[in-house]
Amino acid sequence: MTLSLAALRQEYNPMEFSFSQEQDMLRTSVAKLLERKYDFDTRQALVASDAPWSADVWNAFAELGLTMLPFSEEHGGLGGSIADLVAFAGTFGEHLVVEPYVASTLLAGGALAASGTPEALEWIEKLGSGEAVLAFAYEEGNGTASPEQISMQADVSGDCATLSGEKRLVIAGETADAFVVVARTADTSKLGFYLVEKGASGLTTNAYKTIDGRAAATVRFDTVSATTILEDAGEALDAVLTKAVIVQSAEALGAMKSLLNDTCEYAMTRKQFGQPIGMFQVVAHRLADMKIAYTKALSTLTYTTALANSGVASPRDIATLKGQIGKLGREIGEAAIQTHGGVGMTDELSVSHYHKRILAFDAALGSYQYHLRRVGQMA
């Protein structure tokens with residue numbers, strides 16, 4: 001099997017989800033913003049700096065309405081659907097953005113919206129305007145694939161609570177203005193959402209950068225006073241995590257698309273024995289497998305988005321999406337690195353960074369092995 005030079009030169013972009021005109025305009029606006037402000041070299045300089053993310057880009061997200069898009073008009077938002085979010089999330093993956101959009105707006109913000117208390121609505125307003133960034137303290141170790149694995153305890157008394165324990169991989173945890181913490185009530189074992197403001201007594205953070213360049217922290221709660229925003233949050237947590245998985249899958253798909261296009265371009269320009277390496281059968285087969293994997297991932301995301309947009313996505317559908325994107329993303333990343341050779345593993349080339357983003361996606365909220373096992377169990 002061989003590929004023509006014309007096929008190698010063509011950017012791989014099969015028929016995608018049929019977005020509305022407004023969604024296409026939104027995606028174009030976000031793409032143009034990131035093309036201006038977030039080229040690879042700029043992004044690398046940002047990750048290497050002490051800044052957790054670009055304040056300029058975060059403010060631009062707010063000006064575009066992205067930080068208010070997920071919230072209902074009742075909560076002062078724009079009432080965007082899951083399809084609206086998927087429409088532009090792929091561009092985040094293509095540019096490897098490190099701004100905490102999903103963690104702050106979808107996870108923490110979604111928990112606040114599920115509460116609907118006056119205090120929660122005040123924080124939603126701050127989130128939407130770009131005035132505040134919130135962190136979602138959920139992870140406790142090893143990917144915390146299921147809410148059932150949450151063990152952190154909350155001693156609840158009315159609207160007040162006391163939290164003790166540790167949360168890991170809290171995105172934006174060092175600089176967040178407040179935390180939405182997922183904890184289990186000591187007496188009923190129900191999962192709840194609790195709000196802790198920055199600087200609370202007994203709250204300590206240990207900051208670091210994740211493998212894909214995002215600012216995160218391990219956060220320790222030593223009898224920290226918190227406000228109960230939703231004491232029985234089981235169903236709300238499932239809904240928040242579902243939305244986050246779909247949007248993060250769209251981000252991962254954007255990274256996969258960039259890997260595929262960059263690898264096809266490299267195979268067309270890199271020559272050995274007087275011809276592009278993409279003309280050799282083994283490389284051509286690898287490129288074909290990458291395109292098939294990408295098409296499978298795109299189809300799974302499109303199908304799941306359509307189901308979620310209609311309100312009928314099941315836990316099995318979400319597990320299938322998480323499993324497929326994680327598995328296929330790894331396959332594409334490994335094939336891209338193998339095609340590029342040693343240079344594909346260097347920091348100077350974007351290939352390794354796209355692969356790291358995909359690995360980080362796969363590790364969060366359960367690996368692809370975990371979710372594919374779940375699919376089999378729910379069959």
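I will try to describe carefully the structure that is included in this document. (Residues numbered from 1 in each chain as written. Predicted model: local features only at pLDDT ≥ 70, side-chain atom pairs only at ≥ 80, totals over all residues. Heavy atoms only, no water.)

1. Some details on the nonpolar core
Residues Phe136, Val180 and Phe193 are the most contacted members of the largest nonpolar core, which totals 91 residues. By residue number, the principal contributor to this core is helix H8 (residues 234-269), which donates 17 residues. Setting aside anything within four residues of it in sequence, one finds Phe136 in contact with Ala103, Leu107, Ala108, Ala111, Val170, Val180, Val182, Phe193 and Leu237. (Core = buried A, V, L, I, M, F, W, Y, C linked by side-chain atoms within 4.5 Å. Buried < 20%, exposed > 50% of the residue type's maximum accessible area, 1.4 Å probe, protein only. Helix = DSSP H or I, 4+ residues; strand = E, 2+ residues; numbered from the N terminus. Contact = heavy atoms within 4.5 Å.)

2. Remarks on the environment of Leu328
Its place among the elements puts Leu328 in helix H10 (residues 315-340). In this structure, the C-alpha to C-alpha distance between Leu328 and Thr295, residues 33 residues apart in sequence, is 9.7 Å. Sequence-distant contacts of Leu328, defined by excluding residues within four places in its chain, comprise Met256, Ala293, Lys296 and Ala297.

3. Describing the pairing of strand E7 (residues 215-230)
Direction of pairing for strand E3 (residues 160-171) relative to E7: antiparallel, over a ladder of 9 bridges. Looking across to E7, one finds that Gly165 is bridged to Phe221. Bridging between strand E5 (residues 191-197) and E7 involves 3 bridges; their strand directions are antiparallel. Each residue of the ladder has a partner; that of Phe193, found in E7, is Leu230. Sheet analysis places strand E6 (residues 203-209) next to E7, joined by 7 bridges and oriented antiparallel. If you follow Lys209 over to E7, its bridge partner there is Ala215. (Pairing = 2+ DSSP bridges.)

4. Details of the packing of helix H3 (residues 40-48) against helix H11 (residues 350-363)
Helix packing geometry: the angle between the two helix axes and the distance between the axes. Where H3 contacts H11, the axes come no closer than 12 Å and their chain directions differ by 60°. Classed by the angle they form, the pair H3 and H11 counts as oblique. Relative to H11, H3 is oriented so that their crossing is left-handed. The segment H3 lies against H11, with Phe40, Arg43 and Gln44 engaging Ser350, His353 and Arg357. Tallied by class, residues from the contact of H3 with H11 come to 1 nonpolar, 3 polar and 2 charged. (Axes fitted to C-alpha atoms, helices over the stretch in contact; angles between N-to-C directions. Parallel < 35°, antiparallel > 145°, perpendicular 65-115°, else oblique. Left-handed = near helix turned anticlockwise from the far one by under 90°. Nonpolar A, V, L, I, M, F, W, Y, C, P; charged D, E, K, R; others polar.)

5. A look at the pattern of salt bridges
Under the definition given, this model contains 12 salt bridges. Here Lys37 and Asp56 are joined by a salt bridge, their closest N and O atoms 2.8 Å apart. Placement of the pair is Lys37 in helix H2 (residues 21-37) and Asp56 in helix H4 (residues 55-64), with a sequence separation of 19 residues. Here Lys37 falls in the partly exposed class, since its relative accessible area comes to 28%. Look at the salt bridges and you will find they share partners, linking Asp212, Arg214, Glu251 and Arg357 into a network. (Salt bridge = Lys/Arg side-chain N within 4 Å of Asp/Glu carboxyl O.)

6. What about empty space enclosed by the protein?
Under the criterion given, the structure shown has 1 cavity of 30 Å³ or more. Counted as a void, the largest cavity has a volume near 470 Å³. Around the largest cavity, the lining is made up of 27 residues, and of these Leu107, Ile171, Arg214, Gln248 and Ala364 lie nearest the centre. Taken together, the residues of the lining of the largest cavity break down into 19 nonpolar, 1 polar and 7 charged. (1 Å grid on protein atoms, 1.4 Å probe; cavity = no way out; pocket = protein on both sides within 12 Å on 5 of 7 lines; lining within 4 Å. Points joined across faces, edges and corners; volume = space filled by probe spheres on them.)

Any functional reading would require information beyond the geometric quantities listed.
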